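Per-entry structural report
For reference, the chains in residue letters:
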Amino acid sequence: MFGGGIILLKRVIEFFRVLGELRYLIPVMRYKFPDPDDPASLAHTFQDTTNRFAERPFLYFEDEMWTYADTNKAANILATYLTSTGVKHGDRIVLFMENRPSFVISLLALNKIGAIAVLINTSLTGDPLIHCINSSDSIKCIVGAEQADALEDVLDQINITKQEDFLWSKDTDQYSLPDWAIDLQAQLDNSNDKNLDETNSVKAKDVACYIFTSGTTGVPKAAICPNQKLIAASINIKMAGYRINEKDCMHNSLPLYHSTGLMLGLCAVVQAGASTFIKRKFSATSFWDEVQKYNTTALVYIGELCRYLANSEPRQAEQNNPLKVMVGNGLRPDVWDTFKDRFQVNRIVEIYGASEGNALFMNLLNKNKTIGMTNADVALIEYDVAEDEVLKTDDGFCKRILNHDPGLLIVRIGPNAVFNGYTDAQATEKKILRNVFDEGDAWFNTGDLIKTVDVGYSLGKTHYQFVDRIGDTFRWKSENVSTNEVGEILNGYKDVNMSNVYGVQIPGCEGRAGMAAFSLEDAENFDWQAFSDYVENSLPKYARPLFIRIIQEMDTTGTFKLKKNDLRNEAFDIGKVSDPIYCLKPNSSNYVALDNEWLKTINSEQAGY
């Protein structure tokens, strides 16, 4: 009887806790988001915030501090210069730079004149870099000095050709101006720091930026991100997620060329009038010292970042830390417990979405280990992972998942859930499932397996939990990796026959690491050093297969798709397979034979991947 009373009391407390969340949700539901033709953008929001909090800190970076007024003036100066060179509304401008104030200023400047910022992953080199630049039809490139070498390697293969169209943004003194670019800082007139009239013509429906995603097939694709999406995401996250205001400071070491660091991080800060500490790259060693130094009350995260912190040795600076809320994606259940219990972060808002997606899931009610709920019309449908295909009824329609089993998540496309797609029309169409439950309906295919979960009182809303990615994409080091893209590059090596690329789980690591299986004409004389050099020069670090399996013959489906399921399940377990397996060890670029000793190190979570 006593035990039952305790359980009932806990349920009552949880019931009223959830009801208390309504005071944060109701303002979001009542908020009037801008119509497509309204003058609204990141630039408008930043200018409005500057009017309210001009002298408040906005950016902390290394030894610099920028107020809202400082940043707004710098963006106006750059925007004025860009317009003087002929950049106009709708033009595409490459932005290839690490996280630093110049990146933020450049992004704001482009948004102020309605130009489209083409945000390039700073890890890219070679062919993927060439593709992203050329496919965007950009007329100029703002390149950080720290990225100039990677760009110089492909100069003769990109569509931007004139010296005056390469705007070199100074970084530290270790870099000098290359002869193929002009010094951007030297071109600026610092007296032109007033807000531009051109900003009044920028509308909510206008494209703010391209965010590149690997998608499910082929080379990186430019996901179209209109101002509407930036505004909606940042308002929802700020009001219902972080619940921050101008007195808060956010720790953001995620790349700003990705939607998590940009929309969930920087844009949410601007909405709140808060400040943010930004960093080129995350460091677990210095993280807690930074949190204490800048009094960061909020954190934007990805699961990999959190795993590093959870696995690090306890530090004095983590005690009595000011972090009260974190928003992000990919947080593992065991790491979730660490942040709640060890680091004492009371509010964890796991979200789920995609740069190109038309739905956002958010753990608004602060339930444990869930991606939360969504207002979009979504469905989970049966999917055969082994055959990599959607299961259908005899009538040709999809089958709904009606229990807590994992299913392929799809989102109905409609006026309230627009799928903006990619710049590539064919790639856009491939992400749409048609005639799913009725003739003529259209749904966005997320490419992810999701399941429903019972979280107790939840205001009548279904909650979901991420399970895995399917098909031709896996996620590693917070990056989506296209197996087709990696496979095509591996196939370009002279001695490799058709390669099959897939993701495999490594104990203790987020996501899946790359593994490739292929046959060789002459395995005994294969030059592993030359192949290792080829992989290093052809693929960014996160996309390089960590394991290579040499097989005798490739297995395909009846429609000649490469079979991955058995290979994925067998992974790199040399105790179960007789095929030779090679691996890349951390901080090495040379493939070596995988032996039992190293396999034990991997399985004991001591490998350092």
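Residues numbered from 1 in each chain as written. Predicted model: local features only at pLDDT ≥ 70, side-chain atom pairs only at ≥ 80, totals over all residues. Heavy atoms only, no water.

Comments concerning the pairing of strand S9 (residues 221-226)
Which entries qualify depends on this criterion: For every residue, the accessible area obtained with a 1.4 Å probe (protein chains only) is divided by the maximum for its type, and the residue is called buried under 20%, exposed over 50%, and partly exposed between those limits. To qualify as a helix, a DSSP run of H or I must reach at least 4 residues; to qualify as a strand, a run of E must reach at least 2; elements of each kind are numbered from the N terminus. Think of it this way: DSSP has to see at least two bridges between two strands before they count as a pair.
Most of S9 is tucked away, with six of its six residues classed as buried. Where strand S8 (residues 207-213) meets S9, six bridges bridge the pair, whose relative direction is antiparallel. Note that in S9 the partner of Ile 211 across the bridge is Ala 223.

Some words on the packing of helix H2 (residues 22-30) against helix H9 (residues 227-242)
Rule in force here: Axis definition: a line fit to C-alpha positions, over the contact stretch in the case of helices; interaxial angles, taken between N-to-C directions, run 0 to 180 degrees. For this classification, under 35 degrees means roughly parallel, over 145 means roughly antiparallel, 65 to 115 means roughly perpendicular, and everything else is oblique. For a crossing to be left-handed, the near helix must be turned anticlockwise from the far one by less than a right angle; the clockwise case is right-handed. Whether two residues are in contact is decided by their heavy atoms, any of which lying within 4.5 Å being enough. Note on residue categories: nonpolar means Ala, Val, Leu, Ile, Met, Phe, Trp, Tyr, Cys or Pro, charged means Asp, Glu, Lys or Arg, and polar means any other residue, Gly included.
Running from amino to carboxyl end, H2 crosses H9 at an angle of 165°, the nearest separation of the two axes being 9 Å. Between H2 and H9, the interaxial angle falls into the category roughly antiparallel. Here H2 runs over H9; the crossing is right-handed. Each of Tyr 24, Leu 25, Pro 27 and Val 28 in H2 lies in contact with H9, whose residues at this interface are Asn 236, Met 239 and Ala 240. Along the lines of polarity and charge, the residues of the contact of H2 with H9 split into six nonpolar, one polar and no charged.

Structural notes on the pattern of salt bridges
Condition: Every case where a carboxyl oxygen of Asp or Glu lies within 4 Å of a side-chain nitrogen of Lys or Arg is listed as a salt bridge.
All chains considered together, the criterion is met by 23 salt bridges. The salt bridge partner of Asp 173 is Lys 170, with a shortest N-O separation of 3.7 Å. Residue classification places Asp 173 among the exposed residues on the basis of a relative accessible area of 69%. A relative accessible area of 46% means that Lys 170 is categorised as partly exposed. Residues joined in a network through salt bridges with shared partners are Glu 62, Glu 98, Arg 100, Glu 146, Asp 171 and Arg 280.

Remarks on unusual backbone geometry
Unusually for a residue other than glycine, Glu 62 sits at a positive phi of about 50°. Tracing the chain through its elements places Glu 62 in the loop between strand S1 (57-61) and strand S2 (64-67). Exposure remark for Glu 62: the relative accessible area of 43% places this residue in the partly exposed category. At Asn 295, a position not held by glycine, the phi torsion is positive, near 50°. Topologically, Asn 295 is positioned in the loop between helix H11 (284-293) and strand S12 (298-302).

Some details on the nonpolar core
What counts here: We define the nonpolar core as a collection of buried residues of types Ala, Val, Leu, Ile, Met, Phe, Trp, Tyr and Cys that are connected through side-chain atoms lying within 4.5 Å of one another.
In terms of nonpolar packing, the biggest core is built from 99 residues, with Phe 58, Leu 107, Leu 119, Tyr 242, Leu 262, Met 326 and Phe 339 touching the most fellow members. The dominant element in this core, judged by the number of residues it contributes, is helix H10 (residues 259-272), at nine residues. Among the nonpolar cores identified, the runner-up in size contains 73 residues, and Phe 166, Val 486, Tyr 493 and Ile 506 belong to it.

Some details on the environment of Thr 462
Mapped onto the elements, Thr 462 comes out in the loop between strand S21 (442-453) and strand S22 (463-469). Looking at Thr 462, the relative accessible area reads 40%, which means it is partly exposed. Among all residues touching Thr 462, those that are not within four sequence positions of it are Gly 372, Met 373 and Thr 452.

Looking at the sheet that holds strand S10 (residues 249-252)
Strand order across the open sheet formed by eight strands is S2-S1-S11-S10-S12-S13-S14-S15, with mixed pairing between neighbours. Each edge of the sheet is formed by a strand with only one pairing partner; in this case those strands are S2 and strand S15 (361-362). As defined by bridge partners, S10 adjoins strand S11 (residues 275-278) across four bridges and the pair is classed as parallel. Note that in S11 the partner of Met 250 across the bridge is Thr 276.

Observations regarding a negative patch on the surface
Rule in force here: Residues qualify for a patch when their relative accessible area is over 30% and they have no salt bridge, like charges being joined within 9 Å and the nonpolar side chains of Val, Leu, Ile, Met, Phe, Trp and Tyr within 5 Å. To measure how exposed things are, a 1.4 Å probe is used in the Shrake-Rupley method; for residues, cover is taken only from the protein chains shown. We count Lys and Arg on the positive side and Asp and Glu on the negative side, and we leave His and both chain ends out. Charge positions come from single atoms, namely NZ of Lys, CZ of Arg, CG of Asp or CD of Glu.
A cluster of acidic residues, Asp 149, Glu 152, Asp 153 and Asp 179, forms a negative patch at the surface. Relative to the helices and strands, Asp 149 is located in helix H7 (residues 148-152). Given the relative accessible area of 57%, Asp 149 is considered exposed.

Points about the environment of Phe 474
Secondary-structure assignment places Phe 474 in strand S23 (residues 473-476). Given a relative accessible area of 3%, Phe 474 falls into the buried group. Through-space distance from the C-alpha of Phe 474 to that of Leu 124 is 17 Å; in sequence the pair is 350 residues apart. Sequence-distant contacts of Phe 474, defined by excluding residues within four places in its chain, comprise Arg 469, Glu 479, Asn 480, Val 481, Thr 483, Val 501, Tyr 502, Gly 503, Arg 512, Ala 513 and Gly 514.

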